[in-house]
Amino acid sequence: MSQLHLNQIKARIMERFVPHTSLLRISTPESDPDRFLSRALAALSIQKYADISEEDAATSVVDDENDGGIDAIYYSPQSSTLYISQSKWKNSTNGGIPLGDVLKFCQGIRELLQSNSKYFGGPIKERWPAIENALAELSRVVVILAYSSETQLDPPQEAALKDVLDEFNQPTEVATRRTFTQAEIHSYLASGVEGDEIEETLRIFQWGLIEQPHVAYYGQMAAGDLVSLFNKYNQRLFSSNIRQFLGKGGPANSEIIHTATQRPDIFWYFNNGVTIISNKVKKTVIGGAKREVGDIVCSGLSIVNGAQTIGSLSQIQGGSSLDSVMIPVRVISLENGGPDLGIEITKATNTQNRVDSRNFVALSTLHQRIRRDLLMDGVTYVIQQTDIDEKGPKLFGVSEAFPAMACALKSVEPTVIAKREISRLWENLSSSLHNEMFPDNIDAQIVWRNVEITRIVEESLEQSRTTADTSREKTVLAHGNRLASHITFRISQTLSRNEDQEIREIADRVSFFMGAIVADDYPNQYPAVIFKNTEMCKEISEKVCSQVLDSIKYDGEDEAFAKNKNKPFEI
């Protein structure tokens, strides 16, 4: 690209962010133009990938001398995604980001995700309570490198970024990277401000036509074509939808990725498809009347159903993986449909109840029997998915029962599954895992008691979090809830202790020793990764069990534990 393109980028960035100069913490753009443009570029990168307003994007900027190389941070609670950006503005089209800056950024990412608040100052330090909450809840991290030149990163910079992402992507992928360079910046700004219509030509295979009462085309599209649209317009593609892409962490989205990569030939049969509305729809002459392929020109295009499908597929590395994936699609014209037709279609396509594997628990004769048996004792086990709260003094549901039974098993693997992807616990009610959790002859009272025990453990962890001194400690206690329950079950079973007070005492000790062991053995590991790793959880479990049992090997409380139990463990 040319200097002309860079000047155009500069003008559009100024247009967007001069009104938010104060949020960028600069007196005037003229007082420090390069710093203003660098901070504005960081905000622009967050705006693009998180799909938020200029004001919110400007607020996300944290550039400071003590920022650890991080220039902007934004957390989306809707998608449980944390966005972290570093930006560099250059007034020429050449020159990338120096290795030292990239290394600083990588270390800042490590310190941030390891909850090391002492590493940072300035805005990051000021916003730490909100960052701390985000770290305890997030399921996905997007790392953005934004720079205004067109130079590609050198191999050492690429290697440094790969290394830091690999650290947080074992055993499951948590972090992904986006590079926002001059070409991408220009394309994003040129695509128009929010509200501009999207006009694209869609290629539909095996197409059909409905003419009354509203014109609509239907057929199938190549997944790669839809992903290309998403990469070009990002969340703006779903501007008329009731929700945007929520991130790939959910079980449904993970299943979309699994089917596309492992069974692409049957993706069409499994997927509900994509619904597109458009202010105007017109077929071109390509393909003529033949139905094998047709090009449809759409003006004012918006995808109102299928955001999770397209967003999930966009996460697949390597476009060749999508070559044979076809998606059912329909394109509906709003041209003669009245002002409310688009809204009505959006509501209708998003309110038809979806049936997932969780719903099939209600059909299980075993779980029906457990429910009936507990009702006789005044306890309600909710096995049908409802809109009521499934948690109360004598009330629990599938989302509590299954993890509790998994954590109560001798092996740590089911506990890790409950933490990593809870839906796997109930996706196959004929599996060996389900049969191990719920044997045919299981006493219903055992299910309820195991739920009660996990609640006691959660209460213990919550109490420990309120008294924890460091953010890292709080994050460990938040992410370690399933493993803490598993260890508490193991120890209580070994000692034949089942009273509430006994369980609480064990749980308190478990949280104490678990935190200390994680601090000693995994000081540089992100907690969310630790507790989704089977081998790490095995090691932690064995050590915690040993230390807790040693501390209560005789009646009465161990003196060392009594002396130190209120002392926060160092992390």
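Basis of the calculations
- Residues numbered from 1 in each chain as written.
- Predicted model: local features only at pLDDT ≥ 70, side-chain atom pairs only at ≥ 80, totals over all residues.
- Heavy atoms only, no water.
- Pairing = 2+ DSSP bridges.
- Helix = DSSP H or I, 4+ residues; strand = E, 2+ residues; numbered from the N terminus.
- Axes fitted to C-alpha atoms, helices over the stretch in contact; angles between N-to-C directions.
- Contact = heavy atoms within 4.5 Å.
- Buried < 20%, exposed > 50% of the residue type's maximum accessible area, 1.4 Å probe, protein only.
- Parallel < 35°, antiparallel > 145°, perpendicular 65-115°, else oblique.
- Left-handed = near helix turned anticlockwise from the far one by under 90°.
- Nonpolar A, V, L, I, M, F, W, Y, C, P; charged D, E, K, R; others polar.
- Polar contact = N/O pair within 3.5 Å; in protein donor to acceptor, adjacent residues only side chain to side chain.
- Core = buried A, V, L, I, M, F, W, Y, C linked by side-chain atoms within 4.5 Å.
- 1 Å grid on protein atoms, 1.4 Å probe; cavity = no way out; pocket = protein on both sides within 12 Å on 5 of 7 lines; lining within 4 Å.
- Points joined across faces, edges and corners; volume = space filled by probe spheres on them.
- Lys, Arg positive; Asp, Glu negative; His and termini not counted.
- Salt bridge = Lys/Arg side-chain N within 4 Å of Asp/Glu carboxyl O.

> Provide a residue-level description of the sheet that holds strand E4 (residues 175-180), including the pertinent values.
Across the sheet, which stays open at both edges, the 4 strands sit in the order E1-E2-E3-E4 with mixed pairing between neighbours. Edge positions in the sheet fall to strand E1 (72-76) and E4, since each of these pairs with one other strand and no more. Geometrically, the sheet is characterised by an average inter-axis angle of 20° between neighbouring strands, direction not taken into account. Sheet analysis places strand E3 (residues 140-147) next to E4, joined by 6 bridges and oriented parallel. Its bridge partner lying in E4, isoleucine 144 is registered against arginine 178.

> Give me the lowdown on the sheet that holds strand E5 (residues 199-210), citing residues and values where you can.
Spatially, 7 strands are ordered E8-E9-E5-E6-E11-E7-E10 in an open sheet, and the strand pairing comes out mixed. Of all the strands in the sheet, just strand E8 (280-283) and strand E10 (302-305) have a single pairing partner and so form its edges. Each neighbouring strand pair of the sheet contributes to a mean axis angle of 40°, computed without reference to strand direction. As paired strands, strand E7 (residues 274-278) and E10 are joined by 3 bridges and run antiparallel to one another. Looking at E10, one finds that isoleucine 277 is bridged to serine 302. Seen against the sheet, helix H9 (residues 223-233) touches E5, strand E6 (216-222), E7 and strand E11 (326-333) and runs at an angle of roughly 95° to E6.

> Residue-level account of unusual backbone geometry, with values.
With an omega of 0°, the peptide bond running from glutamine 212 to proline 213 counts as cis. Backbone geometry places arginine 25, a non-glycine residue, at a positive phi of 60°. Within the fold, arginine 25 resides in the loop between helix H1 (3-17) and helix H2 (33-50). A residue is classified by how much of its surface remains accessible, and arginine 25, at 35% relative accessible area, is partly exposed.

> Describe the packing of helix H16 (residues 413-420) against helix H20 (residues 481-495), naming the residues involved and giving the relevant values.
Axis separation between H16 and H20 bottoms out at 9 Å; the angle between their running directions is 155°. What the angle tells us is that H16 and H20 run roughly antiparallel. For the crossing formed where H16 meets H20, the hand is right-handed. Between H16 and H20, the contacting residues are Thr415, Ala418 and Lys419 on the first element and Asn481, Arg482, Leu483 and His486 on the second. Split by residue class, the contact of H16 with H20 holds 2 nonpolar, 3 polar and 2 charged.

> Which residues make up the side chain of arginine 16, and what are the values?
Mapped onto the elements, arginine 16 comes out in helix H1. Polar side-chain contacts of arginine 16 include one of 3.0 Å to the side chain of glutamine 47.

> I'd like a rundown of the nonpolar core, residues and numbers included.
Residues Ile70, Leu82 and Leu112 are the most contacted members of the largest nonpolar core, which totals 35 residues. Sort the elements by how many residues they give to this core and helix H4 (residues 99-113) lands first, with 6 residues. Those residues within four positions of isoleucine 70 in sequence are excluded, and the remaining contacts are Val62, Asp63, Ile84, Ser85, Phe105, Gly108, Ile109, Leu112, Phe120 and Ile124. Grouped together as the second largest cluster of nonpolar side chains are 34 residues, Trp207, Val274, Ile276 and Ala307 included.

> Help me get a handle on empty space enclosed by the protein, residues and values and all.
Applying the stated criterion across every chain, the model contains 1 cavity of 30 Å³ or more. Lining of the largest cavity is provided by Thr415, Val416, Lys419, His479, Arg482, Leu483, Phe531 and Cys537. Breaking the lining of the largest cavity down by element, the ones donating at least two residues are H16 and H20. Here the lining of the largest cavity takes 3 residues from H16, the largest share from any one element. When its residues are assigned to classes, the lining of the largest cavity shows 4 nonpolar, 2 polar and 2 charged.

> Describe the side chain of lysine 532, listing the residues and the values that go with them.
Along the chain, the position of lysine 532 falls in the loop between helix H22 (527-530) and helix H23 (534-551). Look at lysine 532: it is buried, it has no salt bridge, and the nearest opposite charge is glutamate 421 at 9.3 Å. Other than its neighbours up to four places away in sequence, lysine 532 contacts Pro171, Thr172, Val416, Lys419 and Arg420.

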